Amino acid sequence: QVQLVESGGGLVRPGDALTLSCAASGHTSNMWTMGWFRQAPGKEREFVAAAIKYSSGDAYYADSVKGRFTISRDSAKNTLYLQMNNLKPEDTAIYYCAASPLRIAVAQRDYNYWGQGTQVTVSS
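Residues numbered from 1 in each chain as written. Predicted model: local features only at pLDDT ≥ 70, side-chain atom pairs only at ≥ 80, totals over all residues. Heavy atoms only, no water.

Some words on the packing of aromatic side chains
Taken as a whole and assessed by the stated rule, the structure comprises six aromatic pairs. Seen from their ring centres, F37 and F47 are 5.6 Å apart, and the 80° between their planes marks the pair as edge-to-face. Taken as a pair, F37 in strand β4 (residues 33-39) and F47 in strand β5 (residues 46-51) lie far apart in primary sequence, ten residues in all. With relative accessibility at 1%, the residue F37 sits in the buried group. Aromatic ring contacts, followed pair by pair, group F37, F47, Y60, Y111 and W114 into a single cluster. When the ring centre of Y96 is taken as origin, the NZ or CZ atom of R45, which lies over that ring, is 3.8 Å away. In this structure, R45 is placed above the aromatic ring of W114, and the distance from its NZ or CZ to the ring centre is 5.0 Å. (Phe/Tyr/Trp six-rings, centres within 6.5 Å; stacked < 30°, edge-to-face > 60°. Helix = DSSP H or I, 4+ residues; strand = E, 2+ residues; numbered from the N terminus. Buried < 20%, exposed > 50% of the residue type's maximum accessible area, 1.4 Å probe, protein only. Lys NZ or Arg CZ within 6 Å of the ring centre and 35° of its normal.)

And the structure:
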């Protein structure tokens, strides 16, 4: 199976920035659409962003993070990133990376592989 490992989570203040990483093994990441999801306690897991496979940077975002978050990948390092700027308390959640064979993938069911998640807490 494809293995995904998230890292970079932590405790930050509102307005701070944080970058999450997702290291992939077992495949070349540009063969897959790579996405980020998040889940807060008591809430459903929600789509955050995705980088479209085989593209040169095409991506799409949930409305709640547009203009603040940027998804990217480093093919040489086989790593996916999520740069999060101007963080808000409502961004607090466990963040998961995932891989999908589809080009447009916004639902959990679209993704075949998942990481274990990394905790992001935004609090003053």
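Some words on the sheet that holds strand β3 (residues 18-25)
Across the sheet, which stays open at both edges, the four strands sit in the order β1-β3-β8-β7 with antiparallel pairing between neighbours. Edge positions in the sheet fall to β1 (3-7) and β7 (69-74), since each has one partner strand and no second. If you compare each strand with its neighbour and ignore which way they point, the axes differ by 20° on average. Direction of pairing for β3 relative to strand β8 (residues 79-84): antiparallel, over a ladder of six bridges. Paired with C22 across the bridge in β8 is L80. (Pairing = 2+ DSSP bridges. Axes fitted to C-alpha atoms, helices over the stretch in contact; angles between N-to-C directions.)

Quick word on the side chain of T79
Mapped onto the secondary structure, T79 falls in strand β8. Given a relative accessible area of 10%, T79 falls into the buried group. Sequence-distant contacts of T79, defined by excluding residues within four places in its chain, comprise S21, C22, A23, S72, R73 and D74. (Contact = heavy atoms within 4.5 Å.)

What to know about unusual backbone geometry
Even without being a glycine, N78 presents a positive backbone phi close to 55°. Within the secondary structure, N78 sits in the loop between β7 and β8.

Re the nonpolar core
Grouped together as the largest cluster of nonpolar side chains are 36 residues, with contacts concentrated most on W36, L82, M84 and Y95. Contributions of two or more residues to this core are made by β3, β4, β5, β7, β8, β9 (93-100) and β11 (118-122). (Core = buried A, V, L, I, M, F, W, Y, C linked by side-chain atoms within 4.5 Å.)

Quick notes on the state of the cysteines
Within the structure shown, the criterion is met by one disulfide. Here C22 engages in a disulfide with C97; their sulfurs sit 2.0 Å apart. Measuring handedness by torsion sign, the sulfur bridge of C22 and C97 sits at about 60° and is right-handed. Remark: C97 occurs in strand β9 and C22 occurs in strand β3; sequence separation between them is 75 residues. The exposure class assigned to C97 is buried, which follows from its relative accessible area of 0%. (Disulfide = S-S within 2.5 Å.)

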